[in-house]
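Breakdown of the fold
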Amino acid sequence: MSAVLGPERPQVVSHVQQALSYTVFDCKWVPRSARLMCLGSAARGTGVIQLYELHGARLEVLREIEKPKPIKCGTFGATSLQQRYLATGDFDGNLNIWNLEAPEIPVYSVKGHKEIINSIDGVGGLGIGEGAPEIVTGSRDGTVKVWDPRQNDTPVANMEPAQGESKRDCWTVAFGNAYNQEERVVCAGYDNGDIKLFDLKTMSLRWETNIKNGVCSVEFDRKDINMNKLVATSLEGKFHVFDMRTQHPTKGFASVSEKAQKSTIWQVRHLPQNRDIFMTSGGSGSLHLWKYEYPAQRSKKDSEGSEMGVAGSLSLLQNVTLSTQPISSLDWSPDKKGLCVCGAFDQTVRVLIVTKLNKI
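Residues numbered from 1 in each chain as written. Predicted model: local features only at pLDDT ≥ 70, side-chain atom pairs only at ≥ 80, totals over all residues. Heavy atoms only, no water.

Let me state the cut-off plainly: UniProt positions are given in the numbering used here, feature names are shortened, and annotations may be inferred rather than shown by experiment.
Looking at an unreviewed UniProt entry, one finds the protein chain named Dynein axonemal assembly factor 10 and attributed to Setophaga kirtlandii. Database annotation for the protein chain, UniProt heading Subcellular location (unreviewed entry): "Dynein axonemal particle". Within the UniProt record for the protein chain, the comment given under Function (unreviewed entry) is "Key assembly factor specifically required for the stability of axonemal dynein heavy chains in cytoplasm."

Pasting the structure below:
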């Protein structure tokens, strides 16, 4: 690992801090707007959806909605830019889709899982990714399910442990490879360090590995291209970057790993405008900004003549500590480069500005 030094180094500036009266589990920018959502759990055990608008250096609450169950995660990924519906997963295993203009009753609702939905992702909406608008959910019940909101209550794919296999808590899910109408994959990370790549075109397990520690977050650098890179973060401060271009028959994908800190890396999010830059958020209340450098050649032949990938290297662009508590959620603005929101367990949401990203 190398660090980028000097005046060109990006700075992470805390632009606005807003104290919350509840525990925030996820935060999301509303696409094509200066608005953001905070999702979480009130002290009395109910769910909270809060909509804020950014006005200069302050956040104004536009709406606060209380729901029966605490809300763990949300995505706009399977909706159109016209609708901008928010899909959420809650502590009771419910998948709900909300029209934020009329959020009293969900426009789609299904009891998706027997236990908490830990993670959610969407694709095929917002002009991101070809194919059907789909939502993937990962749950403590050990299953990963893919939903098409245009179908009724049945998932279009259900990845669950085989007969006799013990169920593992699924902590994180992400879509990728959605570059045409047919291709699409789901990556899932589990509490025992398993990472599984499901191919939705062939409905089969395409690849699996284990990083020896609970997988907190997985994300492809972009959903709407041929698989390029995947980052997986773990419970003990390490993350792995897999080069997903070349899959070796036995060795799988080449990877590089980095120990960012001593505590859990809760999330990873790639900069929408530059897929080689990503931010990780940590249990120590810190954020680390990274850049991936590609090797001179991304693949080579092994002694048997099979193609195998070659991993690149990582450089740390900047790190900053913002909170005494873990930063559990993070989202880049899809529209304004360098604008970012993060939620932490100190019951604070922060809007950040990352400078000099054009110069990297």
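Notes on the environment of Glu160
As a reminder, the rule being used: Think of it this way: any DSSP run of H or I at least four residues long counts as a helix, any run of E at least two long counts as a strand, and we number them from the N terminus. Relative accessible area decides the class of each residue, using a 1.4 Å probe on protein chains only: under 20% of the type maximum gives buried, over 50% gives exposed, and in between gives partly exposed. It only takes one pair of heavy atoms within 4.5 Å for two residues to be counted as in contact.
You can see Glu160 is positioned in the loop between strand 14 (157-159) and strand 15 (170-176). For Glu160, a relative accessible area of 53% translates into the label exposed. Placed 191 residues apart in sequence, Glu160 and Val351 show a C-alpha to C-alpha distance of 37 Å. Beyond its immediate sequence surroundings of up to four residues, Glu160 is in contact with Gly142 and Thr143.

Topic: the sheet that holds strand 14
So the rule is basically this: Two strands pair under a simple rule: DSSP has to find at least two bridges between them. Axis angles are defined between N-to-C directions and span 0 to 180 degrees, where every axis is a line fitted to C-alpha atoms and, for a helix, only to the segment in contact.
Ordered by their spatial adjacency, four strands build an open sheet running 11-12-13-14, and the pairing between neighbours is antiparallel. The sheet is open, and its two edges are formed by strand 11 (117-123) and strand 14, each paired on a single side. Adjacent strand axes in the sheet meet at a mean angle of 15° when their direction is disregarded. Bridging between strand 12 (residues 134-139) and strand 13 (residues 144-147) involves four bridges; their strand directions are antiparallel. Opposite Gly138, over in strand 13, you have Val144 as the bridge partner.

Regarding the pairing of strand 18 (residues 204-210)
One ladder, built from six bridges, connects strand 17 (residues 194-199) with strand 18; its direction is antiparallel. If you follow Asp194 over to strand 18, its bridge partner there is Asn210. As consecutive antiparallel partners, strand 17 and strand 18 are separated by four residues, and within that stretch Met203 has a phi angle of approximately 50°, a positive value.

Remarks on the UniProt feature "repeat: WD" (unreviewed entry) in the protein chain
Under the local residue numbering, the UniProt record ascribes the feature "repeat: WD" (unreviewed entry) to residues 135-157. Overall, residues 135-157 shows 0% helix and 43% strand. The separation of its end C-alpha atoms is 10 Å.

Notes on the nonpolar core
Just so we agree on the cut-off: To form a nonpolar core, buried Ala, Val, Leu, Ile, Met, Phe, Trp, Tyr and Cys residues must be joined to one another through side-chain atoms within 4.5 Å.
Core analysis: the biggest nonpolar cluster contains 18 residues, and Met279, Leu287, Leu289 and Trp332 have the highest contact counts within it. Where this core is concerned, the elements lending two or more residues are strand 24 (274-282), strand 25 (286-293), strand 28 (313-321), strand 29 (327-332), strand 30 (339-344) and strand 31 (348-354). When residues no more than four places from it in sequence are discounted, the contact partners of Leu287 are Met279, Thr280, Ser281, Gln318, Asn319, Val320, Leu322, Ile327, Leu330, Cys342 and Leu352. Counting residues in hydrophobic clusters, the runner-up holds 17 residues, among them Tyr22, Leu54, Val341 and Val351.

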